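# Reading the structure
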Amino acid sequence: SQTIHQWPATLVQPVGSPLSLECTVEGTSNPNLYWYRQAAGRGLQLLFYSVGIGQISSEVPQNLSASRPQDRQFILSSKKLLLSDSGFYLCAWSPGISNQPQHFGDGTRLSIL
Amino acid sequence: AQTVTQSQPEMSVQEAETVTLSCTYDTSENNYYLFWYKQPPSRQMILVIRQEAYKQQNATENRFSVNFQKAAKSFSLKISDSQLGDTAMYFCAFMSYTGTASKLTFGTGTRLQVTL
């Protein structure tokens, strides 16, 4: 069966520091991968998605970037964090070239001080 | 662009009772998918039920069922025999499929509290 791992679970970072959140999927090949952000009391906002290695699509302009160095690895990064980057970040995957629903990781709670 | 609206920020239901969560959406597409996700206090997003727009029959998963009204662009979730473990945020989501990747648009959620 497929599993998705996301880490760290919780992160506290100072303003201006770099960020790296990692997400990996097991048990499948060529998945579509997604990064979402959930602000407090809000729904999820799609930040990035990827349909293959090195292929990144950005949905909203922001202080963050994403990379996909391997087929089942998706990384969310920032060079300098802002206070507004605080939130709950969720990684998700879906089978490639399909209309199947997305399945989510456990999320990372990011607090910027 | 698609929009998803959940007009009930919070709802409460007694254990063993039935509750219906509302969702409306706006789209110009004809082929799409709709989902309900559940997010308990643990924060994990869990798929509850899905509905294909081309299917007229309403989806059902055990105690969960939907009332899909395509012309009205309405997609409500009914939870029967509510249990304490159903306490969570419930998100309605619209999925368009570009042929290479599926994109989900979420509503703002309904917080459901199941009480004794």
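The residue count restarts for each chain, going from 1 along the sequence in the order it is written. Key to labels: chains lettered from A, ligands numbered from 1, both in the order written. The predicted origin of the model limits local features to residues at a pLDDT of at least 70 and limits the giving and counting of side-chain atom pairs to 80 or more, whereas totals for whole chains, interfaces and linings rest on all residues. Heavy atoms from the whole structure form the basis of all side-chain values; hydrogens and water molecules are not counted.

## Things to note about the pairing of strand 6 (residues 46-52) of chain B
Residues and elements named next belong to chain B. Note the cut-off: What makes two strands pair is DSSP finding at least two bridges between them. Helix and strand assignments follow DSSP, with helices taken as H or I runs no shorter than four residues and strands as E runs no shorter than two, numbered in order from the N terminus.
Examined bridge by bridge, strand 5 (residues 33-39) and strand 6 share 6 bridges and lie antiparallel to one another. Considered in strand 6, the bridge of Phe35 is made with Arg50. With antiparallel pairing between neighbouring strands as the criterion, strand 5 and strand 6 make up a hairpin whose turn holds 6 residues, including Arg43 at a positive phi of roughly 80°.

## Quick word on the nonpolar core
Filter applied, for reference: To qualify as a nonpolar core, a set must consist of buried Ala, Val, Leu, Ile, Met, Phe, Trp, Tyr and Cys residues joined through side-chain atoms within 4.5 Å. Between buried and exposed lies partly exposed: a residue is buried under 20% and exposed over 50% of the maximum accessible area for its type, with that area taken using a 1.4 Å probe on protein chains only.
If you look at the biggest cluster of nonpolar residues, it comprises 25 residues, and the most contacted ones within it are Tyr25, Trp36, Phe75, Leu77 and Tyr90 of chain B. Where this core is concerned, the elements lending two or more residues are strand 3 (19-21), strand 5, strand 6, strand 8 (64-69), strand 9 (74-79), strand 10 (88-97) and strand 12 (110-115) of chain B. Ranked by size, the runner-up nonpolar core spans 21 residues in total, among them Val25, Leu47, Leu64 and Trp93 of chain A.

## A closer look at the interface of chain B and chain A
This is how it is decided: Whether two residues are in contact is decided by their heavy atoms: any pair within 4.5 Å suffices. Each of two parts loses accessible area, computed with a 1.4 Å probe, when they are put together; buried area is these two losses added. Only one rule defines a salt bridge in this text: a Lys or Arg side-chain nitrogen within 4 Å of an Asp or Glu carboxyl oxygen. Here a polar contact means two N or O atoms within 3.5 Å. Within protein one must be a hydrogen donor candidate and the other an acceptor candidate, and residues neighboring in sequence count only if both atoms are side-chain atoms. Classification convention: Asp, Glu, Lys, Arg as charged; Ala, Val, Leu, Ile, Met, Phe, Trp, Tyr, Cys, Pro as nonpolar; all other residues, Gly among them, as polar.
Across the boundary between the two partners, chain B contributes 21 residues, which contact 25 residues of chain A. With both sides pooled, the region where chain B packs onto chain A buries about 1,900 Å², and carbon together with sulfur makes up 51% of that total. Linking chain B with chain A are 1 salt bridge, by the criterion used here. The residue Glu59 of chain A makes a salt bridge to Lys103 of chain B at a minimum N-O spacing of 3.2 Å. At the surface where chain B touches chain A, the tally comes to 6 residue pairs in polar contact (both at pLDDT 80 or more). Here the residues of the side of chain B that touches chain A are counted per class, giving 11 nonpolar, 7 polar and 3 charged.

## Examining the packing of aromatic side chains
Threshold: Each pair of aromatic rings taken from Phe, Tyr and Trp, with Trp reduced to its six-membered ring, is defined by centres within 6.5 Å and is described as stacked if the planes are under 30 degrees apart, edge-to-face if over 60, and tilted in the remaining cases. Working rule: Lys NZ or Arg CZ, within 6 Å of ring centre, within 35 degrees of ring normal, means a charge sits over the ring.
Counted according to the given criterion, the structure contains 15 aromatic pairs over all chains. Between Phe35 of chain B and Tyr37 of chain B, the aromatic rings sit 6.1 Å apart at their centres with planes inclined by 45°, giving tilted as the arrangement. Like Phe35 of chain B, the residue Tyr37 of chain B is buried in the burial classification. In this structure an aromatic cluster arises from ring pairing among Tyr34, Tyr36, Tyr49 and Phe104 of chain A together with Phe35, Tyr37, Phe91 and Phe106 of chain B. Here the guanidinium or amino end of Arg43 of chain B rests over the ring plane of Phe88 of chain A, the centre of that ring lying 4.2 Å away.

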